[in-house]
Amino acid sequence: MTRIIMIGGYLVIVTAMLVLELYARRKPDDVAPLSDMLADAMASRTIRIGLISAWWWFGWHFFFSQTM
Amino acid sequence: MGRIIWKRSALLWLLALAIMAGFQWWRGARVDGLLFTLAVALVLVDLVKGSPVEPFIRRRILPRGVIVACAAIVGVILTVTPRNGWLDLVGVLIAGAGVMFLAWSPQPTRDVRPDAAVHRSSTIWALLAISLCVWEALALVISATSPLAATYALQAFPTVSVLLDPLLRSGVGQVFFVGCWLLTGLGLLRLWSRP
C-alpha cells in the first residue's frame, strides 16, 4: 500500500508538470513555457551553474554510479 | 573587485545546492556529496570573486554540428558500453565539461514573454521541483530509518532511483534515458536558438 502511495505521489507531481507545460503552451503570456522560462533564468550565471550541476548529476547518478 | 550583489534567486540556488550536498553526505553518497559541495563552492567563488575561469572560456562557441556530433559520440559511449563502467564515467565527464564550458558565457535572452508570465512560470516550476525533491527525500528517509529490512523498505518506500533502475538495466530504457539526458543538456545550451 505504501508503495502505491509513494508512486502515486510521483505521478501526481509529474502530471502537474505536464499540465503546467501544456497550459503554458496554450497561454504563453499567462504562464511562460518551460523553454522561455529557462532561457530567462539562464541569463544568471549562478542559475546556470545550479541547473547544469543538477543536470550533470542525473547523468552521473543514473549512468555511472551505483544507484541501488 | 566590485560590490557583491546577493540576489535572492542566487541565494535560493545556493541554498538548494547546499541542501542537496548535505543530503548526499547524510545518505552516505560521499562522491555525490563532494560534487554538490564543489558546486556550492563554485557558486560562492563566482559570487564573491567573480568568475575565476571566465577569461579562459569567454565566448567559446562551437558550430552546432560539432556539438551534436560530440553529443552523439557521448550517447554511443553511454548506451553501448556496460552501465556503471569507467567508459560511462568518461562519457558523463565529457558531457558535463562540454556543457559547463559552452554554457558559461551568458546567452542573449529572447525576452519574448511578459515578466509576470516568466515569474509565474518559474515560481510554479520551483514549487513542483521542490515537491518532487521533498517526496523523494521522504521516501529515502523513511526507508533508511525503517525497522524493515533495507531491501523491503526500499520497495515499500521507493525512491525515483529504485523505480527507474529496472528500466535503465534494459537496452531500450538505457537508450531512452541517455537520449533524454543529452537532449536536456543540448537544451541547456539553447542549441536550437544559437546562430
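What you see is a predicted model; the values in this text were computed from it and never measured.

Reading the values: rules and limits
All residue numbers here refer to positions counted from 1 along the written sequence of the relevant chain. Both sets of labels track the order of writing: A upward for chains, 1 upward for ligands. Reporting in this predicted model follows two pLDDT cut-offs: at least 70 for local features of residues, and 80 or more for side-chain atom pairs to be given and counted; totals over whole chains, interfaces and linings ignore these cut-offs and use all residues. Only hydrogens and water are set aside; all other atoms, that is, all heavy atoms of the structure, feed into the side-chain values. Per the convention used, a helix needs a DSSP run of H or I reaching at least four residues, while a strand needs a run of E reaching at least two, with both numbered from the N terminus. For the radius of gyration, the atom set is restricted to C-alpha positions; the globular benchmark scales as 2.2 Å times the number of residues to the power 0.38. To be clear on the numbers: accessible area is Shrake-Rupley with a 1.4 Å probe, and residue cover counts the displayed protein chains and nothing else. Asp and Glu count as negative and Lys and Arg as positive, but His and the ends of the chain are not part of the count. One atom stands in for each charge, and that atom is NZ of Lys, CZ of Arg, CG of Asp or CD of Glu. Whether a residue is buried, partly exposed or exposed follows from its accessible area with a 1.4 Å probe, protein chains only, as a fraction of its type maximum: under 20%, in between, or over 50%, in that order. Boundaries of every domain are those given by an automatic assignment or by a domain database. Any two residues having at least one pair of non-hydrogen atoms within 4.5 Å are treated as being in contact. As a working definition, buried area equals the accessible area (1.4 Å probe) given up by two parts on being put together, with both sides summed. Whenever Lys or Arg places a side-chain nitrogen within 4 Å of a carboxyl oxygen from Asp or Glu, that contact is recorded as a salt bridge. In the analysis that follows, any N or O atom pair within 3.5 Å is treated as a polar contact, provided that within protein one partner can donate a hydrogen and the other can accept it, and provided that, for residues neighboring in sequence, both atoms belong to side chains. Three residue categories are used. Nonpolar comprises Ala, Val, Leu, Ile, Met, Phe, Trp, Tyr, Cys and Pro, charged comprises Asp, Glu, Lys and Arg, and polar comprises the others, including Gly. Within this scheme, the nonpolar core is defined by two criteria: the residues are buried Ala, Val, Leu, Ile, Met, Phe, Trp, Tyr or Cys, and they are joined through side-chain atoms within 4.5 Å. To count toward a patch, a residue needs a relative accessible area above 30% and no salt bridge. Like charges then connect within 9 Å, nonpolar side chains (Val, Leu, Ile, Met, Phe, Trp, Tyr) within 5 Å.

> If you had to explain the overall build of chain A to someone new, which residues and values would you point to?
When you go through chain A residue by residue, the secondary structure sums to three helices and zero strands. Tracing chain A from N to C terminus, the helices and strands come up as α-α-α. Against the 2.2 N^0.38 benchmark of 11 Å for 68 residues, chain A shows a C-alpha radius of gyration of 16 Å, more extended than a compact globule. Expressed as lengths along the three principal axes of its C-alpha atoms, the size of chain A is roughly 40 × 30 × 15 Å. As presented, chain A carries roughly 3300 Å² of accessible surface, and 71% of it is formed by carbon and sulfur atoms. Between the averaged position of the 6 positive side-chain charges in chain A and that of its 5 negative side-chain charges there is a distance of 9 Å.

> Give me the lowdown on the overall build of chain B, citing residues and values where you can.
For chain B, the helix and strand inventory stands at nine helices and zero strands. Burial analysis of chain B (195 residues in total) assigns 34% to the buried set. Carbon and sulfur atoms provide 73% of the accessible area of chain B, an area that totals close to 11500 Å².

> Before we move on, could you go through the domain arrangement of chain A and cite the residues and values that matter?
Residue and element names in this part refer to chain A. By the assigned domains, chain A splits into domain 1 (1-31) and domain 2 (32-68). Taking the mean C-alpha position of each, domain 1 and domain 2 sit 19 Å from one another. If you look at the interface, domain 1 gives six residues, while domain 2 gives four residues. Surface buried jointly by domain 1 and domain 2 totals about 330 Å² across both partners, of which 53% is contributed by carbon and sulfur atoms. Looking at the side of domain 1 facing domain 2, the largest losses of area belong to E21, R25 and V31, adding up to 73% of the total buried there. For the interface between domain 1 and domain 2, the tally reads zero salt bridges. Run the count over domain 1 and domain 2 and you get one residue pair in polar contact (both at pLDDT 80 or more). Class assignment of the residues belonging to the side of domain 1 that touches domain 2 gives a composition of three nonpolar, no polar and three charged.

> Which residues make up the interface of chain B and chain A, and what values go with them?
Each partner contributes to the interface: chain B provides 74 residues, whereas chain A provides 49 residues. Of the roughly 5900 Å² buried between chain B and chain A on both sides combined, carbon and sulfur atoms contribute 71%. Counting across the interface, chain B meets chain A through three salt bridges. Across the pair D30(A) and R120(B) runs a salt bridge, and its minimum N-O distance is 3.0 Å. Joining chain B to chain A, the criterion identifies 14 residue pairs in polar contact (both at pLDDT 80 or more). For the side of chain B that touches chain A, the secondary-structure elements that each account for two or more residues are α1 (8-26), α2 (30-49), α5 (86-102), α6 (115-145), α7 (150-156), α8 (160-169) and α9 (171-188) of chain B. In terms of residue count, the dominant contributor to the side of chain B that touches chain A is α6(B) (14 residues). Residue composition of the side of chain B that touches chain A, grouped by class: 45 nonpolar, 17 polar and 12 charged.

> Any details on the side chain of D32(B)? Residues and values, ideally.
Structurally, D32(B) is set in helix α2. Note on D32(B): relative accessible area 6%, which makes it buried. Ignoring any residue separated from it by four or fewer positions in sequence, one finds D32(B) in contact with W57(A), W60(A), H61(A), Q24(B) and R27(B).

> A description of the nonpolar core should follow, citing residues and the corresponding values.
Residues I52(A), W55(A), F63(A), L78(B), V92(B), W181(B) and L189(B) are the most contacted members of the largest nonpolar core, which totals 39 residues. Secondary-structure elements contributing two or more residues to this core are α3 (45-64) of chain A together with α1, α2, α4 (64-80), α5 and α9 of chain B. Considering every element that reaches this core, the biggest residue donor is α3(A), with 11 residues. What V92(B) contacts, discounting residues up to four positions off in sequence, is W56(A), G59(A), W60(A), F63(A), L78(B) and W181(B). M17(A), L20(A), V31(A) and W125(B) belong to the second-largest nonpolar core, a separate cluster that totals eight residues.

> Help me get a handle on a nonpolar patch on the surface, residues and values and all.
A surface patch of nonpolar side chains, about 390 Å² in accessible area, is lined by W86(B), L87(B), V90(B) and I94(B). Relative to the elements of secondary structure, L87(B) occurs in helix α5.

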